[in-house]
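Structural overview
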Amino acid sequence: MSWIGWFGKGVGCSALALALPCLAGAAGPPGNPVAWESPRHVDHPLVGRIWDSRRQSFASPQELLASLREARFALLGEKHDNADHHRLQLSVLESLIAADALSGVAFEMIDAARAGKLEGIVERQLADDAALKAWLEWDDGWEWGFYSPLLRAALDAGLPIAAANIDEAAIMAIYQGQAQAQAQTPPEDVFDAAAMEKLFADIDQSHCGLLPESQFPAMVRVQQSRDLAMANALLVLAADDATAVLIAGNYHARQDLGAPNFLLVLEPELRRDEIISLSFVEAAAGETAPASYLERFGGTAEHDYLWFTPATPEIDYCAQLR
């Protein structure tokens, strides 16, 4: 998993403005695309399959949908630059919409500075994707073509959308430890010392060993403040008879180290099994055991479900930094 750049940033197929290929089973259970867009490992034996980490077995799309419908919260983790992950997210959203089981969608890609743009957005009836993008003042650091179908699916279904990220001013204030940022900073006792060491190690690895160790605590503070914001956004969308969904990076969606832990703190009566973490994950060459794609820190698997896809072109980010 890469944290490179983590500081930055029911409709039918015919309704999608970007003419995405239709997804198999979009009106019923979520399904795989007719054709994959990512080029690597398309023929990998895991591609297109869904792994249930709780039962240690493969799951059908129908079983996944049933689990999502029973959940109060569902976190759909992604690799941000993989087009297939976003197409599968759309398939999941459409399936929940068709089942009248979606209460709203929160997006990591929309920060608090733009939250006001979401008030009354359904009634605004923005005519096309260009108008929607302009109204949201969309951050071009997030590929618009990946997220506009997800936004449009929620809007066309009349569902609320929530901003799930802190804005740049808050990021800098939290990073610098400024007093006015305390309200956006998570409690310090959510994770024990071992978990914090794990987070520090992940930061070090993802930044190619180039980040001074003195910056680790501030970086984790920002990351966890984002997780806290995501948890709060989901709670705003919560409903007794439907599932609130978060669209975010795979690390944020982790059950062991991500946003679900802040949901449990904010709502003490909530059970972990009421939160589903679904990770869209790229298949790796020669790695065919589904469980090998999962870390299990502190006895908790990082994701409840893995949906395997082909991989994007390989990029050596560390080589670019050296």
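Here, the structure is the one placed above.
Note that this is a predicted model, so its numbers are computed, not measured.

When helices and strands are tallied, the protein shows ten helices and ten strands. Counting over 322 residues, the protein shows a buried share of 53%.

Time to look at the nonpolar core. Residues Phe107, Trp138, Leu151, Val245 and Ile247 are the most contacted members of the largest nonpolar core, which totals 44 residues. No other element matches the seven residues that helix α5 (residues 144-156) contributes to this core. Not counting residues up to four positions away in its chain, the partners in contact with Leu151 are Phe107, Ile110, Leu132, Leu136, Trp138, Trp144 and Ile161. Ranked by size, the runner-up nonpolar core spans 32 residues in total, among them Phe73, Leu228, Leu237 and Ala248.

Time to look at the pairing of strand β3 (residues 73-78). Buried residues dominate β3, accounting for six of its six residues. In β3, alternate side chains face the same way, and those of Phe73, Leu75 and Gly77 on one face and Ala74, Leu76 and Glu78 on the other are all buried. The sheet contact formed by β3 and strand β6 (residues 243-249) spans six bridges and is parallel. Directly across from Phe73, in β6, lies its bridge partner Ala244. For β3 and strand β7 (residues 275-282), the ladder comprises five bridges, and the chain directions are parallel. Looking at β7, one finds that Ala74 is bridged to Ile276.

Turning our eyes to something else, we now look at the pattern of salt bridges. With the rule as written, the count across this model stands at 18 salt bridges. Glu314 serves as the salt-bridge partner of Arg40, at 3.6 Å between the closest nitrogen and oxygen. Pair noted here: Arg40 is in the segment before β1 (50-52) and Glu314 is in the loop between β10 (305-309) and α10 (317-321), with a separation of 274 residues, a long-range link. Look at Arg40 and you get partly exposed, because its relative accessible area is 26%. Between Lys133 and Asp140 there is a salt bridge, with the nearest N and O atoms lying 3.2 Å from each other. Here the salt bridges do not stand alone but share partners, grouping Lys198, Arg254, Asp256, Glu295 and Glu302 into one network.

A word on the environment of Leu257. Looking at the secondary structure, you find Leu257 in the loop between β6 and α9 (260-266). Overall, Leu257 belongs to the buried group, its relative accessible area being 1%. Along the sequence, Leu257 and Gly298 sit 41 residues apart, while their C-alpha atoms lie 9.3 Å from each other. Contacts of Leu257, omitting those with residues within four sequence positions, involve Phe191, Ala195, Lys198, Leu199, Asp202, Asp227, Tyr251 and Phe297.

Attention now moves to the sheet that holds β1. Spatially, eight strands are ordered β2-β1-β10-β7-β3-β6-β4-β5 in an open sheet, and the strand pairing comes out mixed. Of all the strands in the sheet, the pair left with one neighbour each is β2 (57-59) and β5 (161-165). Strand after strand, the sheet turns through a mean of 25° between neighbouring axes, direction not considered. Pairing of β1 with β10 involves three bridges; the strand directions are antiparallel.

Let us look at unusual backbone geometry. Of note, Asp100 is a non-glycine position whose phi angle comes to about 55°, a positive value. Mapping Asp100 onto the fold places it in the loop between α2 (83-98) and β4 (102-111). Judged by relative accessible area, which is 66%, Asp100 ranks as exposed. Within the chain, Glu137 stands out as a residue other than glycine whose phi angle is a positive 50°. Tracing the chain through its elements places Glu137 in the loop between α4 (129-136) and α5. Assessed through its relative accessible area of 46%, Glu137 is described here as partly exposed.

Here we take up the packing of aromatic side chains. What the rule picks out here adds up to eight aromatic pairs. Judged by centre distance (5.1 Å) and plane angle (80°), the ring pair of Trp51 and Phe58 falls under edge-to-face. The exposure class assigned to Trp51 is buried, which follows from its relative accessible area of 8%. On the basis of an interplanar angle of 40° and a centroid distance of 6.0 Å, the ring pair of Trp138 and Tyr147 is categorised as tilted. Each member of the pair, Trp138 together with Tyr147, is buried. Between the NZ or CZ atom of Lys117 and the centre of the ring of Trp135, over which it lies, the distance is 4.1 Å.

Below, the discussion takes up the pairing of β7. Within β7, eight of the eight residues are buried, which leaves it mostly tucked inside the rest of the structure. Across the two faces of β7 the burial is the same, with Ile275, Ser277, Ser279 and Val281 and Ile276, Leu278, Phe280 and Glu282 all buried. The pairing of β7 with β10 spans five bridges and is parallel. Bridge assignment links Phe280 to a residue of β10, and that residue is Trp307.

Definitions and cut-offs
- Residues numbered from 1 in each chain as written.
- Predicted model: local features only at pLDDT ≥ 70, side-chain atom pairs only at ≥ 80, totals over all residues.
- Heavy atoms only, no water.
- Helix = DSSP H or I, 4+ residues; strand = E, 2+ residues; numbered from the N terminus.
- Buried < 20%, exposed > 50% of the residue type's maximum accessible area, 1.4 Å probe, protein only.
- Core = buried A, V, L, I, M, F, W, Y, C linked by side-chain atoms within 4.5 Å.
- Contact = heavy atoms within 4.5 Å.
- Pairing = 2+ DSSP bridges.
- Salt bridge = Lys/Arg side-chain N within 4 Å of Asp/Glu carboxyl O.
- Axes fitted to C-alpha atoms, helices over the stretch in contact; angles between N-to-C directions.
- Phe/Tyr/Trp six-rings, centres within 6.5 Å; stacked < 30°, edge-to-face > 60°.
- Lys NZ or Arg CZ within 6 Å of the ring centre and 35° of its normal.

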